[in-house]
Amino acid sequence: MFAFDANLHTLIATALQALTGTGITTVENGCPTNVVKSVGSQFFSVLGDACFQFVTNDDVPFETAQKTCRQHNGTLAMPKTKYINDFLLQEMQRRQQLKPMWIGMQDTIREGIYVWEDGSQVRHWGNMHYFNGEPFSSGEDCLALNPLDWQWHDFDCSNEKHSFICQYDVQS
Ligand SMILES: [Ca+2]
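Counting of residues starts from 1 at the beginning of each chain's written sequence and follows it residue by residue. Restriction of local features to residues with pLDDT of at least 70 applies here, the model being predicted, together with a cutoff of 80 or more for giving and counting side-chain atom pairs; totals for whole chains, interfaces and linings are based on all residues.

### What about the overall build of the protein?
For step 1, the next point in the chain: A run of H or I in DSSP becomes a helix once it reaches four residues, and a run of E becomes a strand once it reaches two; helices and strands are each numbered from the N terminus. Helix and strand counts for the protein come out as four helices and eight strands.
For step 2, the next point in the chain: Listing every helix and strand of the protein by position from the N terminus yields α-α-β-β-α-β-α-β-β-β-β-β.
For step 3, the next point in the chain: Exposure classification rests on a simple neighbour count of other C-beta atoms within 10 Å of a residue's own: a residue reaching 20 or more is buried, one at 12 or fewer is exposed, and one in between is partly exposed. C-beta atoms are placed from the backbone. In the protein, buried positions account for 30% of the 172 residues.
For step 4, the next point in the chain: Considering only intrachain contacts with a sequence separation of at least 6, the fraction spanning at least 24 residues in the protein is 62%. Our contact criterion uses C-beta atoms placed from the backbone: two residues qualify when those atoms are within 7 Å.

### So, unusual backbone geometry
For step 1, the next point in the chain: Notably, Asn73 is not glycine yet its phi reads approximately 60°, a positive angle.
For step 2, the next point in the chain: With 11 C-beta atoms counted inside 10 Å, the residue Asn73 sits in the exposed group.

### Remarks on the environment of Trp150
For step 1, the next point in the chain: With respect to the helices and strands, Trp150 occurs in the loop between β6 (142-146) and β7 (151-155).
For step 2, the next point in the chain: Each C-alpha atom of the pair Trp150 and Leu89 lies 6.8 Å from the other, and the pair is 61 residues apart in sequence.
For step 3, the next point in the chain: Every residue in contact with Trp150, bar those within four places of it in the chain, is listed here: Leu89 and Asn127.

### Some thoughts on the nonpolar core
For step 1, the next point in the chain: Ranked by internal contacts, the top residues of the largest apolar core, which has 30 residues, are Leu76, Met101, Trp102, Ile103 and Ile165.
For step 2, the next point in the chain: Those elements that provide at least two residues to this core are β2 (50-60), α3 (62-71), α4 (82-94), β4 (101-106), β6, β7 and β8 (162-169).
For step 3, the next point in the chain: Leaving out residues up to four positions away in the same chain, Ile165 has contacts with Phe52, Gln53, Phe54, Leu76, Ala77, Leu88, Met101 and Ile103. Any nonpolar core is a set of buried residues, restricted to Ala, Val, Leu, Ile, Met, Phe, Trp, Tyr and Cys, that join up through C-beta atoms within 7 Å.

### As for the environment of Met128
For step 1, the next point in the chain: Within the element layout of this structure, Met128 appears in the loop between β5 (115-116) and β6.
For step 2, the next point in the chain: Residue Met128 is classed as partly exposed on the basis of its C-beta count, with 18 C-beta atoms lying within 10 Å.
For step 3, the next point in the chain: Counting along the chain gives 15 residues from Met128 to Leu143, while the straight-line C-alpha distance between them is 9.5 Å.

### A few points about the pairing of β2
For step 1, the next point in the chain: When DSSP finds at least two bridges between two strands, those strands are taken to pair. Strand direction decides the pairing type here: strand β1 (residues 42-47) and β2, joined by six bridges, are antiparallel. In the strand pairing of β2, Val46 is matched with Cys51.
For step 2, the next point in the chain: The hairpin formed by β1 and β2 contains two residues between the paired strands, and Gly48 there has a positive phi angle of roughly 60°.

### Considering α3
For step 1, the next point in the chain: Along α3, the positions that sit buried rather than exposed are Phe62, Ala65, Gln66 and Cys69. The arc enclosing the buried residues of α3, seen along the axis, measures out at 100°, which places them on a common side. Facing away from the buried side of α3 by more than 90 degrees, the exposed set consists of Glu63, Lys67 and Gln71.
For step 2, the next point in the chain: On its buried face, α3 is in contact with β2, β3 (75-76), β4, β6 and β8.
For step 3, the next point in the chain: Of the residues trailing α3, Asn73 is marked for its positive phi of about 60°. Each C-beta atom gives one direction from the helix axis, and the arc is the one those directions make.

### Section: α4
For step 1, the next point in the chain: Helices are assigned an expected span. That span is 1.5 Å times one less than the residue count. With 13 residues, α4 extends 18 Å from end C-alpha to end C-alpha; this agrees with the ideal 18 Å at 1.5 Å per step.
For step 2, the next point in the chain: Along α4, the residues classified as buried are Asn85, Leu88, Leu89 and Met92. In an axial view of α4, the angular spread of the buried residues amounts to 95°, which keeps them on one side of the axis. Within α4, the exposed residues directed more than 90 degrees away from the buried face are Tyr83 and Arg94.

### Thoughts on the environment of Leu98
For step 1, the next point in the chain: Within the fold, Leu98 resides in the loop between α4 and β4.
For step 2, the next point in the chain: Judged by the 10 C-beta atoms lying within 10 Å of it, Leu98 is exposed.
For step 3, the next point in the chain: Excluding residues within four positions of it along the chain, Leu98 makes contact with Pro147 and Leu148.

Don't take any of this as a statement about function, it's just geometry.
Here is the structure:
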């Protein structure tokens, strides 16, 4: 019975895909179901094996954003390549999300040494906002994507509040 339901689900999904044409999948496709069902203002985009959840209109400190993503075994987004970074910015613009959103990058432990959520060091700097000594300012150690100037901005981790982007492994 359960297997039958699963097959039926796949059939419906395939039919829906055929209807929407050109094999483009719905954005939720591949994102963890429990995450998609979680409440709040949000949208999803899948790129490769990563599902990105844009939690909008929920302005919180960096740590709260981190915890929210981890609740569903995700992390804050880690756009490790320019391609992924540009994709996230494009998605924000496309959905008129024009305020900065937290991503999983910080230099809390050592000033100027930026690390991703998984502990690896940040290698590409193409999008870093350099203004008035930034990004090397103590007291501003957490990063957000800013779709207005297409750059990374560092903010005070606890006193600044922003929406955020979570990242999950795509479910097969
Ligand atoms: Ca800093």
